[in-house]
Amino acid sequence: MEPAHASPDSARTAEPQLPTAGAALTPPPLPDRIRAFLEVPRDATIATINPDGSPHQAVVWFALDGDELLINSRPHRRWPRNLDRDDRISVAVPDPERPSHWVGVKGRAEKLRDGDEAVADIQALARRYGEDPEQYAGQDRVTFRVAPLSTFEYGVSE
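As the structure is a computational prediction, the values presented were derived from the model and not from experiment.

## Observations regarding the packing of aromatic side chains
Applying the stated criterion across every chain yields a total of 6 aromatic pairs. Between the aromatic rings of W61 and Y136, the centroid separation amounts to 6.3 Å while the plane-to-plane angle is 70°, which identifies the pairing as edge-to-face. With W61 in the loop between strand 3 (55-60) and strand 4 (63-65) and Y136 in the loop between helix 3 (115-128) and strand 8 (142-154), this residue pair connects regions lying 75 residues apart in the sequence. A single burial state applies to W61 and to Y136, both of which are buried. Between the aromatic rings of W102 and F152, the centroid separation amounts to 5.5 Å while the plane-to-plane angle is 85°, which identifies the pairing as edge-to-face. Taken together, the positions of W102 in strand 7 (residues 98-114) and F152 in strand 8 put the pair 50 residues apart, joining distant regions of the chain. Assessed through its relative accessible area of 7%, F152 is described here as buried. Among the aromatic residues, those joined into a cluster by ring pairs are W61, Y129 and Y136. We note R128 situated over the ring of F62; from NZ or CZ to the ring centre the distance is 5.2 Å.

Next comes the structure, spelled out in structure tokens:
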């Protein structure tokens, strides 16, 4: 399928040059339409960069926190280790009711918290997604904040 950014069926924010790693992040506000889409619990696929430069993808839960996304994992998994080394991230969130409609986010991630606070985050995500939060009690967890630097929406019809 050809990217829809060239058609009237897509909405896109300006795609600025990504700042260097460790630079202060000031994400642009999320467009209202994209915010509304992301407020609904949907699975997201994230892409991070492996040490050899190849992409690594994982499906995750997420939640909005202001104009940023929160994602959570166990710290020993591949994607959190990738983000510790290289904070660039891409997120794709498909609409399960209309598979050709999806929102993408490109940005930078930073470790927000670990320990009991990160366990509280995964438990909040479990509630958001209709799962049992108690299954995460006592786990070793880490939460990352994703600052969107650009967003786009495909498969939109006005």
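## Section: the pattern of salt bridges
As enumerated under the stated definition, the model contains 8 salt bridges in all. Between R108 and D87 there is a salt bridge, with the nearest N and O atoms lying 2.6 Å from each other. Within this pair, whereas R108 is found in strand 7, its partner D87 is found in the loop between helix 2 (78-85) and strand 6 (88-95), the two being separated by 21 residues in sequence. Here R108 and D87 have matching classes, each one buried.

Cut-offs and rules
Residues numbered from 1 in each chain as written. Predicted model: local features only at pLDDT ≥ 70, side-chain atom pairs only at ≥ 80, totals over all residues. Heavy atoms only, no water. Phe/Tyr/Trp six-rings, centres within 6.5 Å; stacked < 30°, edge-to-face > 60°. Helix = DSSP H or I, 4+ residues; strand = E, 2+ residues; numbered from the N terminus. Buried < 20%, exposed > 50% of the residue type's maximum accessible area, 1.4 Å probe, protein only. Lys NZ or Arg CZ within 6 Å of the ring centre and 35° of its normal. Salt bridge = Lys/Arg side-chain N within 4 Å of Asp/Glu carboxyl O.

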